[in-house]
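# Secondary and tertiary structure notes
In case you want the letters, here they are:
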Amino acid sequence: MNITNSMYLQHFGLTDPPFRITPHPAFFFGGGRRSEVLAALRYAVLHGEGLVKVVGEVGSGKTMLCRMLLEQLAGDADLVFMPHPLLERDEILDAIAAELGLPAVTGYAGARVQALQLALIERFGRGRRVVVVVDEAHAMQLQSLETIRLLSNLDHGHDKLLQIVLFGQPELDQRLKNYELRQFSERITHAFSLQPLRRDELSAYLEFRLRAAGYCGPQPFSAAALRQIAGSAEGLVRRANILADKALLAAYAEGAHAVTRRHARAAVADCGYRRSGLPCRMLGALAAFRFRHA
């Protein structure tokens, strides 16, 4: 942590950066039905529900939810996490085998699937579930989705050998309307949707993040600042994180401890968010104070 970052934390009495956009379990906010979705996801996976889908807009908190699910399942299942969906059929099979520590199988796909099925049956016999979690599933190619569908068919008696959870943007729903994917859609047993946070939930979210980062004082964001941030964030937590961080930086640059509407407006102007979701720009006056969340 550099000196500027350390001064930023000290200024607001923080022990950690409160609005970093990288997922961290300590900063998981259960409001906006996030806790309910997480609990339902865990139940579906651990009770053999097969193929499960989670859809949410860009910046709605899918990756955080995905990481929380992986953390909660760690002691109860053998996990395969696929953060890069641009894999072809053989690469998907190889990735699953590698994550499970299985010996590599060469040759045609049928031999690889058969070897994987035998390994899954052996684990099933030991009471171990295997869960495959795919992030950014909306970017998967048609053949890759078909591979996932075929893997979801693997069973032993009446029990599924693989539990598969797909996280994706709304484009995933649009893709699954494709006639060629109708068999895939029919196999989805549970579908969850992450909705944007309401304004009152967003206010609670920002305060929760501050408290999780060690903040002990009164709410630093004024009601007007919260309205400004909420209006531009449109309920998306990633936007809210970026805007709140920039507003805090604007207050810090002035030596203030309260975030006013003016600070929030500077953050909104810096990001230039519109309905189309334009990327943030750096505000020159705050460049020296910008927090590096690496």
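Just so it is clear, the structure is predicted and the values come from calculations on it, not from any experiment.

Procedures and definitions
Residues numbered from 1 in each chain as written. Predicted model: local features only at pLDDT ≥ 70, side-chain atom pairs only at ≥ 80, totals over all residues. Heavy atoms only, no water. UniProt positions renumbered as here; feature names shortened; annotations may be inferred. Helix = DSSP H or I, 4+ residues; strand = E, 2+ residues; numbered from the N terminus. Pairing = 2+ DSSP bridges. Axes fitted to C-alpha atoms, helices over the stretch in contact; angles between N-to-C directions. Contact = heavy atoms within 4.5 Å. Salt bridge = Lys/Arg side-chain N within 4 Å of Asp/Glu carboxyl O. Buried < 20%, exposed > 50% of the residue type's maximum accessible area, 1.4 Å probe, protein only. Phe/Tyr/Trp six-rings, centres within 6.5 Å; stacked < 30°, edge-to-face > 60°. Lys NZ or Arg CZ within 6 Å of the ring centre and 35° of its normal.

### Re the UniProt feature "domain: AAA+ ATPase" (unreviewed entry) in the chain
UniProt records the feature "domain: AAA+ ATPase" (unreviewed entry) at residues 48–171, using the numbering of this structure. For the annotated span residues 48–171, helix accounts for 42% and strand for 23% of the residues, and the straight-line distance between the end C-alpha atoms is 26 Å.

### Considerations on the sheet that holds strand E2 (residues 77–82)
Across the sheet, which stays open at both edges, the five strands sit in the order E2-E3-E6-E1-E7 with parallel pairing between neighbours. The open sheet terminates on both sides in strands that have one partner only, identified here as E2 and strand E7 (188–194). When strand polarity is set aside, the average angle formed by the axes of neighbouring strands in this sheet is 15°. The pairing of strand E1 (residues 51–56) with E7 spans six bridges and is parallel.

### Regarding the environment of Phe 12
Examined against the element boundaries, Phe 12 turns out to sit in helix H1 (residues 3–12). Distance in space between the C-alpha atoms of Phe 12 and Ala 258 is 9.5 Å, their sequence separation being 246 residues. Not counting the four nearest positions on each side in its chain, Phe 12 is found in contact with Tyr 215, Leu 248, Ala 251, Tyr 252, Ala 256 and His 257.

### Remarks on the environment of Lys 246
Tracing the backbone shows Lys 246 in helix H11 (residues 237–253). Sequence-wise, Lys 246 and Phe 19 are 227 residues apart; in three dimensions their C-alpha atoms are separated by 9.5 Å.

### Digging into the pattern of salt bridges
In the structure shown here, the tally under the stated rule is 15 salt bridges. Put simply, Asp 90 and Arg 112 hold a salt bridge, and the shortest N to O gap is 4.0 Å. Taken as a pair, Asp 90 in helix H4 (residues 89–99) and Arg 112 in helix H5 (residues 109–125) lie far apart in primary sequence, 22 residues in all. The exposure class of Arg 112 is buried, given its relative accessible area of 15%.

### Here's the deal with the environment of Thr 15
Relative to the helices and strands, Thr 15 resides in the loop between H1 and helix H2 (34–46). Distance from Thr 15 to Ala 253, taken between C-alpha atoms, is 19 Å for residues 238 residues apart in sequence. Those residues in contact with Thr 15 that lie beyond four places of it in its chain are Leu 9, Ala 213 and Gly 214.

### Concerning unusual backbone geometry
Residues other than glycine seldom take positive phi values, yet Arg 33 does so here, at roughly 65°. Positive phi is not limited to glycine here, since Glu 136 has a value of about 55°. Its place among the elements puts Glu 136 in the loop between strand E3 (129–134) and helix H6 (142–152). For Glu 136, a relative accessible area of 27% corresponds to the partly exposed category.

### Quick word on the packing of aromatic side chains
Applying the stated criterion across every chain, the model contains five aromatic pairs. On the numbers, 6.4 Å between centres and 75° between planes, the contact of Phe 19 with Phe 221 is edge-to-face. In this pair, Phe 19 is assigned in the loop between H1 and H2 and Phe 221 in the loop between helix H9 (199–212) and helix H10 (223–233), connecting sequence segments 202 residues apart. By relative accessible area, which is 3% here, Phe 221 ends up buried. Ring centres of Phe 29 and Tyr 205 lie 5.4 Å apart, and the angle between their planes is 75°; this geometry places the pair in the edge-to-face category. Of this pair, Phe 29 sits in the loop between H1 and H2 while Tyr 205 is found in helix H9, placing the two residues 176 residues apart along the sequence. Residue Tyr 205 is classed as buried on the basis of its relative accessible area, which comes to 4%. Across from the ring centre of Tyr 179, 3.9 Å away, lies the NZ or CZ of Arg 182, which sits over that ring.

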